[in-house]
Amino acid sequence: MTELREETPGPSFGHTLLRYRTAAGLSQRELALASGLSVRALRELEHGRAAAAQEKSTELLATALGLTGDERESFLLLAREGRRRSSLSGTTTMLYGLPAAPALVGRDDELGLLSRAARAGGTTIVIGPPGVGKTSLAVAAAERLKVQFPDGCLAIDLRGVDDHPVPAALALERMLTALGVPSGRIPPGEAERSSLFRALMRDRRVLVLLDNAADESQVLPLLAGGEHCLTIVTCRRSLAGVEPAQRLVLDMLAEQSAVDLLTTIVGEDVVLGDPDAAREVVGLCGNLPLAVRIVGNRLATRRHWSLSYLAGQLRDEHRRLDSLAAGDLRLRPAFELSRRRLSPAAQEVFRRLALIPGAHFSEELAAVVTGVSPEEVEAQLEELVEASLLTVTTERMRLQFHDLVRLFAQERLAAEEAEDVRAQLRDALLTHVLRRATAASELFRAKAVGVPRDSPFRSPGEAKDWLEQESTTWIPVLRQATEARRYREVVDCTWALYNYAHGREPMYPWTDVFGCGVRAARELGDQKAEVNLLSQYGTCFHWNQGDSERARDVLLETVALAEEIGHHWGAMITHSAVGWPLLSLGEPEEAQRHVDLALEMSESYDFFETRFWMHIGSGGIRLATGRFGEALAFLTPLLAETTERIGETNQELAGKTMTLLRMNIADCLSGLERWQEAAEQYHEVIRLFGTERPTYRSRVELLVCEGTAWRHAGDFQRARECLTRALELCDDPTGRGDRKAVEAELALVPAE
């Protein structure tokens, strides 16, 4: 919990009197003569020894100081407040009560930010989607900060997402009344009320909470403006027109905080009884506080339910929003209120975006799936982001739905768009994504040494970025296209992905990807394509899923099919692929037979497209079976030929082949205990990585290999440098490092 300190009270009546007297250029004696008060009385007031002048004396002072309009009204009210405080012996009261709000969990950082804002004054806008807990945070902060605002707190629900938000003039009337302005002295117009409000706040220290704001036109007249006041605004929109202001964007709770929130509702014994189910429940709620509160209340009032039963209900996406309702707490209406305030064009874009299956998407894809021009869709997306119905995930303008908002958008799509329109938009999405994925993958083929003029990508790097960023879209699109019987496009796309997949085995669910291709090829009756894709499909069971038996069975059946239809190239690549699962299953001789046969069959094919891979497979099996000298003799001439031919292929494949080859040679040298040579080769492999994502092995694994080799070679300083760097990278998500293994190896390096 953020610790808050009591601050020095804000300006008093005496302070304000002194300011006005100084501004008027009057001495105490001159003001005393003009007002009829004694110099002593003025001195007592200005020094704070008297809280305020009596009502008649205050009016005389205001006249003598030449105060008129809002300044006069503020001066009179400040005196009245001072007299009220004096009669209550200094007790601070809330001028306008704060709304009730549930207990706050997991927002210590945000409370700390608001605490710092309280010391600085000004305006802080708390922004976030429906149900994220903006009001709860603001109320909790006000409760903790009220000791710093001796003149009280004002709070008002502006009902910004209702059909009829509270007009600024009405909100001002309520706050002026709370400040003690008699109804007869409240001006009729919004501008005059705002001016009076600011004048009253100028010499006070008040916290103002404007909850659930609609837009800038509602908020701007309500800003206190005083340097000693803090205004906290909560809004689903960013209110870009409110300046100067500090903005606090409220995100979903962290998983553990969401579990803690659930615990406060259902009890610790329930959560500790099934912690996995508790995590699943909050995950299905997207860690959205309102959703977690709803499911918590449902469970708390149905004690015969278990967390696992509740999780089972929430797993069904078609029923999830129905399940997120308990008493007056309902999630769907919270989303609906935000949707209704969108323009008709933004509402259309909102529901159509639900067709995108990916976790996030680009503006380009949004234009395709909504049928709106790129220029127009940009404005609609901005409106959705402003309404907190979409979030921006990266600096590259990737956009994202919260999972529950996506489900709500899907409901609106089904309810408001005709089936033929949905089908047309879905087809446009599938066509665009399949064509882009195919075109991107084509740039990774061995013979792709340039970018075709008709390619939508300007470089292989741009294609790689697209495949990585859109992977949560193109993978489910392949499944959807297969179900839609777009078989030829699926075959072309999955086969184009063949070269891209090399070295990226851990990154994607390749079994699913190539499985779609196999099914599509079979539906087309294209047996050659079936063999090609089965070779990749079977390989994935070994490298991606660790199921060597399934891989062996699929690949041996594929060899038989390839030989049956006379598909020489398909039989060759499958012979090479089956060697690795056979080796894992304890059949090294059979494994070597298959890879050597593949090598023999490859002599007439292109080097980088085929022969290199058959060579590396044959040498790799020798290395894996401990025949280090034989493998080194096999791989060394391959390195020479690869170096000589490196200009025949693209930069990506050149890097992959050199990396893989040098890594295998380094392993051979380590096996032969030629440690310095091994260390140098590992170092070269790491250098070849550059800033690219590691392939085949992680950077941590290679640094450990290099460090171990340097240790055996007696160069302890370089060993320590490598292993220390590996340890630093263990926490990197791409490092894939085993910290304990790195620490164990580092411990073997002698101390300096």
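In case you missed it, the structure is sitting above this.
Residues numbered from 1 in each chain as written. Predicted model: local features only at pLDDT ≥ 70, side-chain atom pairs only at ≥ 80, totals over all residues. Heavy atoms only, no water.

**Let's talk about the overall build of the protein**
Then, in step 1: Across its full length, the protein holds 37 helices and nine strands.
Then, in step 2: Classification of the 752 residues of the protein by burial places 53% in the buried group.
Then, in step 3: Expressed as a percentage of contacts within the protein between residues at least 6 apart in sequence, the contacts between residues at least 24 apart total 68%.
Then, in step 4: For the protein, the exposed area adds up to about 32800 Å²; of that, 49% sits on carbon and sulfur atoms.
Then, in step 5: Positive and negative side-chain charges of the protein, numbering 87 and 109 respectively, have mean locations separated by a distance of 7 Å. (Helix = DSSP H or I, 4+ residues; strand = E, 2+ residues; numbered from the N terminus. Buried < 20%, exposed > 50% of the residue type's maximum accessible area, 1.4 Å probe, protein only. Contact = heavy atoms within 4.5 Å. Areas by Shrake-Rupley, 256 points an atom, 1.4 Å probe, with all protein chains shown as cover. Lys, Arg positive; Asp, Glu negative; His and termini not counted. Charge placed at Lys NZ, Arg CZ, Asp CG, Glu CD.)

**Here we look at helix 6 (residues 108-120)**
Then, in step 1: For helix 6, which comprises 13 residues, the first-to-last C-alpha distance of 19 Å matches the rise-based estimate of 18 Å (1.5 Å per residue) to within 8%.
Then, in step 2: Glu110, Leu111, Gly112, Leu114, Ser115, Ala117 and Ala118 are the residues of helix 6 that are buried.
Then, in step 3: Residues of helix 6 that are buried in the fold lie against strand 1 (122-127), helix 7 (134-145), strand 4 (230-235) and strand 5 (246-249).
Then, in step 4: Looking one or two residues beyond helix 6, the residue adopting positive phi is glycine 121, at roughly 80 degrees. (Expected span 1.5 Å × (residues − 1).)

**Focus: the sheet that holds strand 1**
Within a sheet, neighbouring strands are paired by backbone hydrogen bonds and run either parallel or antiparallel to one another.
Then, in step 1: The five strands are arranged 2-3-4-1-5 in an open sheet whose pairing can be described as parallel. Two strands in the sheet have a free side with no partner beyond their single neighbour: strand 2 (153-157) and strand 5. Between one strand axis and the next, the sheet turns through 15 degrees on average, direction left out of account.
Then, in step 2: Relative to strand 5, strand 1 runs parallel, the two sharing four bridges. Bridged to isoleucine 127 within strand 5 is valine 249. (Pairing = 2+ DSSP bridges. Axes fitted to C-alpha atoms, helices over the stretch in contact; angles between N-to-C directions.)

**Here we look at the packing of helix 27 (residues 527-543) against helix 29 (residues 568-584)**
Then, in step 1: In contact at an axis separation of 9 Å, helix 27 and helix 29 are set at 15 degrees when each is read in the N-to-C sense. One way to sum up the angle between helix 27 and helix 29 is to call them roughly parallel. Judged by the sense of rotation from one axis to the other, the crossing of helix 27 with helix 29 is left-handed. Of helix 29, the residues touching helix 27 (which contributes Val531, Asn532, Ser535, Gln536, Thr539, His542 and Trp543) are Trp569, Gly570, Ile573, Thr574, Ala577, Trp580, Pro581 and Ser584.
Then, in step 2: A per-class count over the contact of helix 27 with helix 29 returns seven nonpolar, eight polar and no charged. (Parallel < 35°, antiparallel > 145°, perpendicular 65-115°, else oblique. Left-handed = near helix turned anticlockwise from the far one by under 90°. Nonpolar A, V, L, I, M, F, W, Y, C, P; charged D, E, K, R; others polar.)

**Overview of the pairing of strand 1**
Then, in step 1: By the criterion of burial, strand 1 is predominantly enclosed, with five of the six residues buried.
Then, in step 2: Strand direction decides the pairing type here: strand 1 and strand 4, joined by six bridges, are parallel. The partner of threonine 123 across the bridge, within strand 4, is threonine 231.

**Observations concerning the pattern of salt bridges**
Then, in step 1: Tallied over the full model, the rule gives 49 salt bridges.
Then, in step 2: When the shortest N-O distance is used, the salt bridge between glutamate 280 and arginine 315 registers 2.6 Å. Within this pair, whereas glutamate 280 is found in helix 13 (residues 275-284), its partner arginine 315 is found in helix 15 (residues 307-315), the two being separated by 35 residues in sequence.
Then, in step 3: Salt-bridge contacts for arginine 351 lead to glutamate 416; the nearest nitrogen and oxygen are separated by 3.1 Å. (Salt bridge = Lys/Arg side-chain N within 4 Å of Asp/Glu carboxyl O.)

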